[in-house]
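# Inside the fold
The primary structure of each chain is shown beneath.
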Amino acid sequence: MEAGSLFRRLFRSRGGKWLLAAILPVMAVLLWQAAGTDGALAGGALPTPDRVWSAWITWAFGKAGPMTLSPYIGTWADNLGYSAMRVAKGFALAIVVGVPLGAVLGWSKWVAAMVDPSIQWLRPVPITAWLPISLAIFGIRDFGAVFLITIGAFYPIVINTTQGARDVEKSWIRAALMMGARPIDVLMRVVLPAALPSIFTGLRIGLGIGWTAVIVAEMVAVKSGLGYVLWDAYYVGRMDIVIADMVSIGLMGFLSDWLILRLEYSVLRWRRMQSFNG
Amino acid sequence: MGTIRFSGVSKIYGGPTGVRALENVDLNVAEGEFVALLGPSGCGKSTLLNLLAGFETLTDGVLSFDGTSISKPGPDRGVVFQEASLMPWLTVWQNVVFGPQVSRVPRSVYEPRAQELLRLVGLEKFHDALPVQLSGGMRQRVGIARALVMQPKALLMDEPFGALDAQTRLSMQELLLDVWQRLKTTVLFVTHDIDEAILLADRVCIMTARPGRITRDIAIDLPRPRSIEALTSVEFIHYKATIMAEMRGAHAHH
């Protein structure tokens, strides 16, 4: 069988797609492993994959004895959970504020003229610049992290929702008005559903930024979570944990994005069929 | 119920140049009458319809519906749009009952009515289909059912069959004749198709562009109920010749 047709068959089958996706990471890990000597790389600064893996296993499944004080035994799931909860809370808050606000901004020229400039003016301020204010107001507490995630996720959500609401077909709104819809009906039953494809784009970007924000926040503003462990492990020279932590963050971001995609897939059936037919 | 009265209506679109879409238009439509507005694109016939629907506001003149002036859209004037304009995320059924639902009509009232209308337009088997799964003609049937479910006093149709192929258009015209024969709602029908105007309407109002105005108002005395056979009758050809001459004449003035 020639290589081209083998590739096509791989691409079409579900398992084949996984296989294709695995080629690059597997190669990277093998190269990384091969480049290291004595389980280390870059003059001992970086551990090789096997060291990272065993550190990760201990971090995830190790049972700490009564006399051990190491924070890297059996604490992986807890820290993962803390970070995930913060992202979930901050993301939910960003949705609750961003989606309705975006819908109104896209729908009403007056509200947009009043509010949009302020949003555009605050938007360039990076999440890291909000850290001091967050610390000053909330201290070393959970909500400080949630606050930063909300700010980070808010902008892409509100901007994409606004865009989606602005691009709603005029004739859909006219049709709704002709059938006796009140402004609230137009907003809830026409503008919001019509903007959903854009909203989902905003959600995906926002969630990605949410994971960035939680790591930044945990490095400074709280004493738990993947971001805290990352910085803490660096200070005590545990680069194996640092790398295992990074891979965990990537995995969580990937998984949560996949969840949104699944949700989008089931909610936007009409949209999918539209692009299929058109 | 369903009487329409345009008197001295003008519509000038804003901007420094100010496009005169309509100038001094007079038009009366009686209850249960079917009137076609016929003219080239850009003659303001859709503007006329949009004013009546309440989607746009007039610059000058008086426009009343059943004796009261129009301020906003409402379910007493059902609109059928050029490309149906169904909500693509709603099923056929959900599109049809959208109006009754937002207007707080009790389910026990609107459900049998909506079922009956879906049967009337021949879509009872497509209850749960999404608009994207339907052909253009079927979508426009839903558009008609959606407008009629609110039991409007007038039906405003903006080139509803313009995007359909010739064969589908004929069957839609037949369907509309059939529906109108039963309901006898006032209809204002915008089209650029001469045959369509004569076949459907009691009166054909010919419009010209820049500025948009009605130049002729021709009564069509073809017997009712009509079917597409009327298209080849001698009387039909006679009306067509008259209208074509009129439209060519109107064109020559420019």
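Predicted model only: the values in this text are computed from it and were never measured. (Residues numbered from 1 in each chain as written. Chains lettered and ligands numbered in written order. Predicted model: local features only at pLDDT ≥ 70, side-chain atom pairs only at ≥ 80, totals over all residues. Heavy atoms only, no water.)

### Overview of the overall build of chain A
Along chain A, the regular secondary structure elements total twelve helices and two strands. Scaling as 2.2 N^0.38, a compact globule of 278 residues should have a C-alpha radius of gyration of about 19 Å, whereas chain A reaches 23 Å, well beyond that. Across its three principal directions, the C-alpha atoms of chain A cover 75 × 65 × 30 Å. Counting only residues that meet the buried cut, chain A has 41% of its 278 residues in that class. (Helix = DSSP H or I, 4+ residues; strand = E, 2+ residues; numbered from the N terminus. Rg over C-alpha atoms; globule rule 2.2 N^0.38 Å. Buried < 20%, exposed > 50% of the residue type's maximum accessible area, 1.4 Å probe, protein only.)

### What about the domain arrangement of chain B?
Residue and element names in this part refer to chain B. Along its sequence, chain B is organised into domain 1 (4-76 + 152-252) and domain 2 (88-151). For domain 1 and domain 2, the distance between their C-alpha centres works out to 25 Å. Taken residue by residue, the interface counts 15 residues in domain 1 and eleven residues in domain 2. For the domain 1 and domain 2 pair, buried surface summed over both sides reaches about 1200 Å², with 79% attributable to carbon and sulfur atoms. The largest share of the area that domain 1 buries against domain 2 comes from Pro152, Met172 and Leu175, three residues that together contribute 37% of it. For the interface between domain 1 and domain 2, the tally reads zero salt bridges. Counting across the interface, domain 1 meets domain 2 through one residue pair in polar contact (both at pLDDT 80 or more). (Domains from an automatic or database assignment. Contact = heavy atoms within 4.5 Å. Buried area = accessible area lost by both parts, 1.4 Å probe. Salt bridge = Lys/Arg side-chain N within 4 Å of Asp/Glu carboxyl O. Polar contact = N/O pair within 3.5 Å; in protein donor to acceptor, adjacent residues only side chain to side chain.)

### Focus: the interface of chain B and chain A
Taken together, the contact between chain B and chain A spans 27 residues of the former and 21 residues of the latter. The largest share of the area that chain B buries against chain A comes from Trp89, Val102 and Val132 of chain B, three residues that together contribute 29% of it. Here chain B is connected to chain A by one salt bridge. Note that Arg174 of chain A is salt-bridged to Glu56 of chain B, the shortest N-O span being 3.9 Å. Here chain B and chain A share three residue pairs in polar contact (both at pLDDT 80 or more) between them. If you list the elements that add at least two residues to the side of chain B that touches chain A, you get β6 (77-80) and α2 (92-102) of chain B. Per-element tally for the side of chain B that touches chain A: the top contributor is α2 of chain B, with five residues.

### Structural notes on the sheet that holds strand β10 (residues 213-219) of chain B
Residues and elements named next belong to chain B. Strands sit in the order β6-β7-β8-β3-β9-β10 across an open sheet of six strands; the sheet is mixed. This sheet does not close on itself; its edge strands, each paired only once, are β6 and β10. Each adjacent strand pair in this sheet contributes to an overall mean axis angle of 20 degrees, direction not counted. Pairing geometry for strand β9 (residues 203-208) and β10, over six bridges, is antiparallel. Across the sheet, Arg203 pairs through a bridge with Ala219, a residue of β10. (Pairing = 2+ DSSP bridges. Axes fitted to C-alpha atoms, helices over the stretch in contact; angles between N-to-C directions.)

### Focus on the environment of Ala201 of chain B
As for its position among the elements, Ala201 of chain B is in the loop between α6 (194-200) and β9. Given a relative accessible area of 0%, Ala201 of chain B falls into the buried group.

### As for the sheet that holds strand β2 (residues 19-29) of chain B
Residue and element names in this part refer to chain B. Spatially, β2-β1-β4-β5 is the arrangement adopted by the four strands of the open sheet, whose pairing is antiparallel. Each of the sheet's edge strands pairs with one partner strand only, and the pair in question is β2 and β5 (68-69). Where strand β1 (residues 4-13) meets strand β4 (residues 60-65), five bridges bridge the pair, whose relative direction is antiparallel. By the bridge assignment, Ile4 is partnered in β4 with Phe65.

### What about the pairing of strand β8 (residues 186-191) of chain B?
Side-chain positions along a regular strand alternate between the two faces of the sheet. Residues and elements named next belong to chain B. Among the six residues that make up β8, six are buried, leaving the element largely enclosed by the rest of the structure. Here β8 shows a buried face lined by Thr186, Leu188 and Val190 and a second buried face lined by Val187, Phe189 and Thr191. Bridge count between strand β3 (residues 34-38) and β8: five bridges; the pairing is parallel. Counterpart to Phe34 in the pairing with β8 is Val187.

### Re the pattern of salt bridges
Side chains that differ in sign of charge can pair as their charged atoms come close. For the structure shown, the criterion picks out 21 salt bridges over all chains. A salt bridge links Asp142 of chain A to Lys89 of chain A; its shortest N-O distance comes to 3.6 Å. Of this pair, Asp142 of chain A sits in helix α7 (residues 142-166) while Lys89 of chain A is found in helix α4 (residues 76-107), placing the two residues 53 residues apart along the sequence. Of the charged contacts in the structure, one is a salt bridge between Arg182 of chain B and Asp178 of chain B, with a shortest N-O distance of 3.6 Å. Taken as a pair, Arg182 of chain B and Asp178 of chain B lie in helix α5 (residues 166-183) at a separation of four residues, close to a single helical turn. When its relative accessible area of 34% is taken as the criterion, Asp178 of chain B is described as partly exposed.

### What to know about empty space enclosed by the protein
All names here are of chain B. This model, assessed by the stated rule, comprises two cavities of 30 Å³ or more. Its volume calculated, the largest cavity comes out at about 60 Å³. In terms of lining, the largest cavity is formed by Glu159, Phe161, Gly162, Arg169, Thr191, His192, Asp193 and Glu196. Each residue belonging to the lining of the largest cavity can be placed in one class, and the counts come to one nonpolar, three polar and four charged. There is about 40 Å³ of room inside the second largest cavity. (1 Å grid on protein atoms, 1.4 Å probe; cavity = no way out; pocket = protein on both sides within 12 Å on 5 of 7 lines; lining within 4 Å. Points joined across faces, edges and corners; volume = space filled by probe spheres on them. Nonpolar A, V, L, I, M, F, W, Y, C, P; charged D, E, K, R; others polar.)

### Some details on helix α8 (residues 170-178) of chain A
Burial of α8 of chain A is extensive: seven of the nine residues sit out of reach of the surface. What α8 of chain A keeps buried is the set Ser171, Trp172, Ile173, Arg174, Ala175, Ala176 and Met178 of chain A. Buried-residue contacts for α8 of chain A involve α9 (183-220) of chain A together with α1 (45-53), β6, α2 and α4 (136-148) of chain B. Two residues or fewer after α8 of chain A comes Gly180 of chain A, characterised by a positive phi angle close to 95 degrees.

### Brief notes about unusual backbone geometry
Residue and element names in this part refer to chain B. Omega for the peptide link from Arg210 to Pro211 comes to -10 degrees, which places this bond in the cis form. By secondary structure assignment, the location of Pro211 is in the loop between β9 and β10. Here the residue pair Arg224 and Pro225 is connected by a cis peptide bond, since its omega of -10 degrees sits within 30 degrees of zero. Along the chain, Pro225 turns up in the loop between β10 and α7 (234-252). We note that Asp66 has phi near 50 degrees; this positive angle belongs to a residue other than glycine. Checked against the element boundaries, Asp66 lands in the loop between β4 and β5. By relative accessible area, Asp66 is classed as partly exposed at 27%. Positive phi, normally seen in glycine, also occurs at Ala84, with a value near 70 degrees. Considering the arrangement of structural elements, one finds Ala84 in the loop between β6 and α2.

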